[in-house]
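Chain and residue survey
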Amino acid sequence: MIIDSHAHVVLPIEKHIKMMDESGIDKTVLFSTLVHPEKSSNVKEFTTEMNKLNQILNNEVNPVQARLNALEEVSGALKQYPNRFVGFGSVPLSYSPGDVTLNDWVEKLVKGQKMKGLGEFTLGPGQIPLLEPIFKAASDYTSLPIWVHTFHPLNLKDIQELFLLTQKYENVPVIYGHMGGIHWLQTIEMIKDTKNAYLDISAFYTTYALSLAIKEIPERTLFSSDFPYGDPYLNLQAVKRHTSSQEVADRVLGGNISNLLHI
């Protein structure tokens, strides 16, 4: 089974299903989004959506109601195509450790909306400590996987801080989104021997990063596209090109995420 381990809601949903069918993808792990660049019809509209995205990536906006609406889009896709999509749920970063409301939110995501993990979390430089309450909640709640954006605007120091949290909460699987961006080599080195750390390949900075990750961590490297920002078919072909055997390809293209999420 080929599973795209990271993509966003694209409207209409049928467009995503068609793309999966054409690319040979069986399932997709779907994440919520507050922006929809695929609906843009000109440069001005696209730029407006990208400006919203940049604010989100820097954690400059955290509108709870907007996140609830985005979660509803994910839930709708899961209900409409339960055999093609599984979901991760977004959680606001404004909670304190032990906050009952945070636990309630996670409970609603997992049991009420059947989400398989938490994320994606996008933070600005120096904001990684905001994640600790999330790690604590995930640790308390059957070790839910957490997906963290580690591309720009995060820097190497931020990724190192995330690594310390990963080590501290060793029962929580942590997916390093986009392989650390330009810091891909250091990211691979840090998490190579950390059994609860995983590498998401979407937006890989260079094919050297992809090939090295597959070679060094074949059991924890995850095929992903970040659709609509990346092309699932091209990333799938890149994985096939840089794997040494069919067994490794099967792991990266679906086996690893299937085992992690029990799907």
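Shown above is the structure to which this text applies.
A brief structural summary. Think of each chain on its own: its residues are numbered from 1, step by step along the sequence as written. Local features in this predicted model are restricted to residues of pLDDT 70 or higher, and side-chain atom pairs are both shown and tallied only at a pLDDT of 80 or more, whereas totals for entire chains, interfaces and linings draw on every residue. Only hydrogens and water are set aside; all other atoms, that is, all heavy atoms of the structure, feed into the side-chain values.

This brings us to the packing of helix H7 (residues 184-191) against helix H8 (residues 207-216). Where H7 meets H8, the closest approach of the two axes is 10 Å, and the angle between their N-to-C directions is 10°. One way to sum up the angle between H7 and H8 is to call them roughly parallel. Packed against H7, whose contacting residues are Trp184, Leu185 and Ile188, the element H8 presents Tyr208, Ala209, Leu212, Ala213 and Glu216 at the interface. Ten residues, namely Ala, Val, Leu, Ile, Met, Phe, Trp, Tyr, Cys and Pro, are considered nonpolar, four, namely Asp, Glu, Lys and Arg, are considered charged, and the remaining ones, Gly among them, are considered polar. In terms of residue class, the contact of H7 with H8 is made up of seven nonpolar, no polar and one charged. Angles shown run from 0 to 180 degrees and are taken between the N-to-C directions of axes, each axis being a line fitted to C-alpha atoms and, for helices, limited to the stretch in contact. Where helices and strands are cited, they refer to DSSP runs of H or I of at least four residues and of E of at least two residues respectively, numbered from the N terminus. Comment on the angle field: the value is read as roughly parallel under 35 degrees, roughly antiparallel over 145, roughly perpendicular from 65 to 115, and oblique elsewhere. In what follows, residue pairs with any heavy atoms lying within 4.5 Å of each other are defined as contacts.

What follows covers the sheet that holds strand E1 (residues 3-8). A pair of strands is treated as paired once DSSP finds two or more bridges between them. The parallel open sheet is built from eight strands, whose spatial order is E1-E2-E3-E4-E5-E6-E7-E8. In the strand order of this sheet, the two ends are held by E1 and strand E8 (221-222), each with one partner. Bridging between E1 and strand E2 (residues 27-31) involves four bridges; their strand directions are parallel. Bridging from a neighbouring strand, Asp4 pairs with Thr28 of E2. Along the sheet face, helix H6 (residues 156-168) touches strand E5 (146-149), strand E6 (174-177) and strand E7 (197-200) and points at about 165° away from the line of E6.

So, about the pairing of strand E3 (residues 85-89). A simple rule labels every residue: compare its accessible area, found with a 1.4 Å probe on the protein chains alone, to the largest value its type can have, and call it buried under 20%, exposed over 50%, or partly exposed in between. Within E3, five of the five residues are buried, leaving the element largely enclosed by the surrounding structure. Here E3 shows a buried face lined by Phe85, Gly87 and Gly89 and a second buried face lined by Val86 and Phe88. As defined by bridge partners, E2 adjoins E3 across three bridges and the pair is classed as parallel. Residue pairing in the sheet places Val29 in a bridge with Val86 of E3. As defined by bridge partners, E3 adjoins strand E4 (residues 117-121) across two bridges and the pair is classed as parallel. What sits directly across from Gly89, in E4, is Leu118.

On to the pattern of salt bridges. Basic side-chain nitrogens of Lys or Arg form a salt bridge, by our definition, when they fall within 4 Å of a carboxyl oxygen of Asp or Glu. A full pass over the atoms with the stated rule returns seven salt bridges. Between Asp21 and Arg84 there is a salt bridge, with its nearest N and O atoms 3.0 Å apart. Remark: Arg84 occurs in the loop between helix H3 (64-80) and E3 and Asp21 occurs in helix H1 (residues 13-23); sequence separation between them is 63 residues. Where Glu216 meets Lys192, a salt bridge forms, and the shortest distance between an N and an O atom there is 2.5 Å. Residue Glu216 is located in helix H8, and its partner Lys192 is located in the loop between H7 and E7; the two are separated by 24 residues in the primary sequence. Glu216 gets classed as partly exposed once you look at its relative accessible area, which sits at 27%. Owing to a relative accessible area of 34%, Lys192 belongs among the partly exposed residues under this scheme.

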